[in-house]
Amino acid sequence: MTTKATQPMDKNGIFESNPAYDKRRKRKQTLFFILFRGAAAINGIALLIIVYFMVVNGWRAISWEFLTQPPMEAMTKGGILPCIVGTFYLSFGAILAALPIGIASAIYLNEYARPGKTVRLIRLSINNLAGVPSVVFGLFGLAFFVVILNMGVSIAAGALTLGAMSLPVIIGATEEALKSVPDTYREASLGLGATKWQTIWRVVLPSALPGILTGAILGISRAAGETAPIMFTGAVFFTPKLPTSIFNEVMALPYHIYVLATAGTEIEKTRHLQYGTAIVLIVLVLGMNLIAILWRAHLRKKLK
Amino acid sequence: MNRLLQQEEQMIPEYKMSSENLDFYYGEFKALHNVTMAFKPCEVTALIGPSGCGKSTFIRCLNRMNDLIPISRVDGKVMLDGNDIYSPSVDVVMLRRKVGMVFQKPNPFPKSIFDNVAYGLWVNGIKDKAFVRDRVEESLKQAAIWEEVKDRLQDTALGLSGGQQQRLCIARALAVKPEVVLMDEPASALDPIATQKIEELIHQLKEMYTIIIVTHNMQQAARVSNVTAFFYMGKLIESGDTDTIFTRPRKKQTEDYITGRFG
């Protein structure tokens, strides 16, 4: 536009406005904002469409029995209680295993470590860990937790595998949260004769906690919906019993959907059960996210 | 050079704190060149100079706050009561307890007013509740903010105004009974009335503490300090009696700066 250089200018370089050009650039702005708004809207629409299909196809399956009974008659009837319980235990175990290690690693990387080869190597490993496909985590869990550590196919092995998979997310979220704590807090604390650890424990962590917890729960809730990491390590095709020990095998929601949809004896007949199970899984995952968000809001309010 | 050093050593009893041939590097960049100066107890020393002249870097060498910058390096000595604070045997945590700091922007913790002031006591292992309560009150009174906050000690410190927050930060620094108080442009983020309160406070505090204050504001330096030091391009150009510096500076650069010709 400027190359035309037909703008009349006075000797001070002040030029008159060009109404045609002004109109054009305003139109351009409007066009791009509409595009961006559309791109953002696709996210919401995608979720709505997914939920819509789930509900339309699966609402008939949802009932009190569905939530409180084990599967019956070759999984064509009955409920999914063992799957709900199994997924709950697996997720909870994954949090227990991954949260301390993830937070500790992030504290080391962000607060203590001096930049150098070691830190670069650790960061490289974490970034690569995040890129490892979930089925590879499943195979790792099978080889390491199930076989080498002799845990068998169990809640423990499945939860540890899910935990390992969530580690990069938890570390990333924790590092972000730690970075968002202003350095002036650290300086103020150290300036009063606090040690580095006192500073982290009493000032940095409380300020970062909302971010850490949300990141962690979002990471775990993502893992909770995964099938591949647990199919060799914790989840089984069918077991009507509820687990009594962390070394029991369990059923799990995502694996159950996979089983019903691909390996069941009556795939067509269980269609509504598949959707029903998916609804329960989504509600569970969104519920965990909701808890994370409410918790964060509560902690933030306490800080203010 | 040797004679100068010998003089420094003889002067030690008279001075609370001093730097000797101090160089400071951010990576390759040399931010301080051979700074030698000394601070008398119960006096206010003002460090003035244009932005980037090294005055903040210098003050942060005095309680080793620059240790937090990974690529930084220090050469030379900083003496506190005759001991080099950069010697390997020095516990930097104890050092910072003796040499307190007030920062440019008020930086209270996101905790209650009481907890902010008590924090320094808690981290130093003081658990006696009555003692902590008394010390918090004493410090808030010293920082001239007690009357404004005494009825809401459990409220969050973030609800205070900027000037109140800065006085709270001063109270927080005083609570651990430092011997030297470093102030890095403590009033630059405050309005004139809050600034005046801080300056009055500095006047009272110098009875008990050695105060070193960095300021952009030359009137402020003239008002609050006994000694003024002018920094330029990482070098200490000249230091001396505040009255002398502002009326009969020896160096031309100092004169140009204080008469407003640059900076």
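Refer to the structure above for everything that follows.
Figured I'd write up the structure that's included with this text. No experiment lies behind these values; they were computed from the predicted model shown.

Focus on the overall build of chain A
Thinking step 1. Scanning chain A from N- to C-terminus turns up 11 helices and 2 strands.
Thinking step 2. Going from N to C terminus, chain A has its helices and strands arranged as α-α-β-β-α-α-α-α-α-α-α-α-α.
Thinking step 3. A compact globule built from 304 residues should have a C-alpha radius of gyration of about 19 Å, whereas chain A, at 26 Å, is more than 25% larger.
Thinking step 4. By sequence separation, contacts in chain A at least 24 residues apart represent 73% of the contacts at least 6 residues apart.
Thinking step 5. Separation of charge centres in chain A, based on 28 positive and 14 negative side chains, amounts to 7 Å.

Things to note about helix H8 (residues 192-205) of chain B
Residues and elements named next belong to chain B.
Thinking step 1. For H8, which comprises 14 residues, the first-to-last C-alpha distance of 20 Å matches the rise-based estimate of 20 Å (1.5 Å per residue) to within 8%.
Thinking step 2. All of the buried residues in H8 are Ala194, Thr195, Ile198, Glu199, Leu201, Ile202 and Leu205. Buried residues of H8, viewed axially, fall in a sector of 160 degrees; they line one side. Opposite the packed face of H8, turned more than 90 degrees from it, sit the exposed residues Pro192 and Ile193.

So, the sheet that holds strand S5 (residues 83-84) of chain B
Residue and element names in this part refer to chain B.
Thinking step 1. Read from one edge to the other, the open sheet built from 4 strands follows the order S2-S1-S4-S5, with strand pairing classed as antiparallel. Two strands in the sheet have a free side with no partner beyond their single neighbour: strand S2 (29-39) and S5.
Thinking step 2. Looking at chain direction, strand S1 (residues 17-26) and S2 are connected through 7 bridges and run antiparallel. Bridge pairing in S2 places Tyr26 opposite Phe29.

So, the pairing of strand S3 (residues 44-48) of chain B
A regular strand places its side chains so that they alternate between the two faces of the sheet.
Residue and element names in this part refer to chain B.
Thinking step 1. Most of S3 sits out of view: 5 of its 5 residues are buried.
Thinking step 2. Residues Val44, Ala46 and Ile48 of S3 are buried on one face, and the alternating residues Thr45 and Leu47, pointing to the opposite face, are buried as well.
Thinking step 3. Of the pairings in the sheet, the one linking S3 to strand S8 (residues 210-214) comprises 4 bridges and is parallel in character. Among the inter-strand pairings, Thr45 is bridged to a residue of S8, identified as Ile212.
Thinking step 4. For S3 and strand S9 (residues 227-232), the ladder comprises 4 bridges, and the chain directions are parallel. Pairing of Leu47 across the sheet is with Ala229, part of S9.

Parameters at a glance
- Residues numbered from 1 in each chain as written.
- Chains lettered and ligands numbered in written order.
- Predicted model: local features only at pLDDT ≥ 70, side-chain atom pairs only at ≥ 80, totals over all residues.
- Heavy atoms only, no water.
- Helix = DSSP H or I, 4+ residues; strand = E, 2+ residues; numbered from the N terminus.
- Rg over C-alpha atoms; globule rule 2.2 N^0.38 Å.
- Contact = heavy atoms within 4.5 Å.
- Lys, Arg positive; Asp, Glu negative; His and termini not counted.
- Charge placed at Lys NZ, Arg CZ, Asp CG, Glu CD.
- Expected span 1.5 Å × (residues − 1).
- Buried < 20%, exposed > 50% of the residue type's maximum accessible area, 1.4 Å probe, protein only.
- Arc of directions from axis to C-beta.
- Pairing = 2+ DSSP bridges.

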